[in-house]
Every structure is written in structure tokens, then in C-alpha cells.
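The chain contents come next:
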Amino acid sequence: MSHFSDTYNDLRYPISTEGTLGLRNAQLGAIHAIASFNTLQKKIAGIVVMPTGSGKTAVLMMTPYITNSLKVLIITPSVMVRGQIFKDFTELKTLKRASVFADEITPPLVYELKNKYSDTLQSAVAAADV
């Protein structure tokens, strides 16, 4: 099993309402679309397009859980975005703040590749979930 399939049952889908934290409509729609697509098209890549400020990070972080992924590779357009996603995935901060996960959930093991990949990094990368 993997971290993502082991913790799938801890995943919640709280709906954000005025005055309460949770997932916004765009996030819920994207997550359900990804789950639906994955049900029929496990071997084909899909593309999710979401506007700026709609909560892409939460969707990115929920996706490996709803698709029961073994491992996840995230490629970012910049060092700054890489660092932000690394920190967020390491703590599951966005998903905990939205009440998708309880505060005591164990986050996945995340490895941030800062330099060119080499054979010496193989064990660290192999051990990571993300």
C-alpha cells in the first residue's frame, strides 16, 4: 500500500460556507472531475484548468489521495513555487486548514530536489511519497 491509499479514508470534503472553512465550489468541482476521469481513464493523462486564486494547490494535494497514487512527481515552473508546494505538502497545511484532514493526520514523506538528479539521491527519492 501507499501513504495515499492508507490515508484515503481520513479524507473529507467539507463545503465552505460563509463563516466556515472548507473547499470552494471550484475545488470540489475539480476534485470530482478528476475522480470521475480517473475511474474510466487510469492510463491516460488529464488536464485540469483552474483560474488564478481558485485553490489549485488544494486540488493538487488532494489528487493523489483520490486516485490512490503510489508516488507523486510534481514539476513546478519556478524555485519559489517549488518551495511553497514542498512546504505545504510536508505539513498538509492547506488541506488541514480547509478541514479536509484532521490536524493529527500524518503527512506524506516529501523530497524536494534542489539539484540535478544523481544516483546518490536514488534512495532518498525512492523513499519519498512526493
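Up top is the structure.
Our subject in this report is the structure included herewith.

Rules behind the numbers
Each chain has its residues counted from 1, following the order in which its sequence is written. Restriction of local features to residues with pLDDT of at least 70 applies here, the model being predicted, together with a cutoff of 80 or more for giving and counting side-chain atom pairs; totals for whole chains, interfaces and linings are based on all residues. In computing side-chain properties, one takes all heavy atoms of the structure into account and sets aside hydrogens as well as water. Throughout, nonpolar core names a set of buried Ala, Val, Leu, Ile, Met, Phe, Trp, Tyr and Cys residues whose side chains join them through atoms within 4.5 Å. With a 1.4 Å probe rolled over the protein chains alone, any residue whose accessible area is under 20% of its type maximum counts as buried; one over 50% counts as exposed, and the rest are partly exposed. Each helix corresponds to a stretch of at least 4 residues labelled H or I by DSSP, and each strand to a stretch of at least 2 residues labelled E; elements are numbered beginning at the N terminus. Residue contacts are counted whenever heavy atoms from the two residues lie within 4.5 Å of one another. The span you would expect from a helix comes to 1.5 Å times its residue count less one. What the arc describes is the spread of directions from the helix axis to the C-beta atoms. In the sections that follow, a salt bridge refers to a side-chain nitrogen of Lys or Arg positioned within 4 Å of a carboxyl oxygen of Asp or Glu. A fitted line through C-alpha atoms serves as each axis, taken over the contacting stretch for helices, and the angle formed by two N-to-C directions is quoted from 0 to 180°. These descriptions rest on fixed angle ranges, namely under 35 degrees for roughly parallel, over 145 for roughly antiparallel, 65 to 115 for roughly perpendicular, and the rest for oblique. Helix crossings fall into two classes, left-handed where the near helix is turned counterclockwise from the far one by less than a right angle and right-handed where it is turned clockwise.

**Quick look at the nonpolar core**
Nonpolar side chains in soluble globular proteins generally cluster together in the buried interior. In this structure, Leu11, Met62, Phe89, Leu92, Leu95, Val100 and Phe101 are the most contacted members of the largest nonpolar core, which totals 25 residues. At the level of elements, helix H2 (25-40), helix H3 (56-66) and helix H4 (79-91) are the ones that each hand at least two residues to this core. The greatest single-element share of this core, amounting to six residues, is contributed by H3. With residues up to four places along the chain from it excluded, the contact list for Phe101 reads Thr7, Asp10, Leu11, Arg12, Tyr65, Leu92, Leu95 and Lys96.

**Description of H4**
An α-helix turns once every 3.6 residues. As a result, residues three or four positions apart point the same way. Taking 1.5 Å as the rise per residue, H4 with 13 residues should run 18 Å; its terminal C-alpha atoms sit 18 Å apart, in good agreement. Within the span of H4, buried status applies to Ile85, Asp88 and Phe89. Buried residues of H4 fall within an arc of 95° about the axis and therefore sit on the same side. The exposed set on the far side of H4, more than 90 degrees from its buried face, consists of Val79 and Met80. For H4, the elements touching its buried residues are helix H1 (3-6), H3 and helix H5 (93-97). In the stretch just after H4, Leu92 is the one whose phi turns positive, near 55°.

**Thoughts on H2**
Between its first and last C-alpha, H2 extends 23 Å over 16 residues, near the 22 Å set by a 1.5 Å rise per residue. Those residues of H2 that fall on the buried side of the exposure criterion are Gln27, Leu28, Ala30, Ile31, Ile34 and Asn38. Buried residues of H2, seen end-on, are gathered within an arc of 165° and therefore sit on one face of the element. Facing away from the buried side of H2 by more than 90 degrees, the exposed set consists of Asn25, Thr39 and Leu40. In this structure, the buried side of H2 is in contact with H3.

**Observations concerning the side chain of Thr94**
Positionally, Thr94 belongs in helix H5. With a relative accessible area of 15%, Thr94 lands in the buried category.

**Concerning the pattern of salt bridges**
All told, the structure shown has two salt bridges when counted by the stated rule. A salt bridge links Glu112 to Arg82; its shortest N-O distance comes to 3.0 Å. Of this pair, Glu112 sits in the loop between H5 and helix H6 (122-127) while Arg82 sits in helix H4; the two residues are 30 residues apart in sequence, bridging distant segments of the chain. Residue Glu112 is classed as buried on the basis of its relative accessible area of 16%. Its salt-bridge partner being Lys87, residue Glu91 comes within 3.1 Å of it at the nearest N-O pair. Here Glu91 pairs with Lys87, and both are found in helix H4, just four residues apart, close to one helical turn. A residue is classified by how much of its surface remains accessible, and Glu91, at 34% relative accessible area, is partly exposed.

**Some remarks on the packing of H3 against H4**
Remark: H3 packs on H4, axes separated minimally by 11 Å, with the N-to-C direction vectors making an angle of 50°. In terms of axis orientation, H3 runs oblique to H4. Considering the relative orientation of H3 and H4, their crossing is right-handed. Taking contact as the criterion, the partners of Thr57, Leu60, Met61 and Pro64 in H3 are, on H4, Ile85, Asp88 and Phe89.

Geometry only, nothing functional implied.
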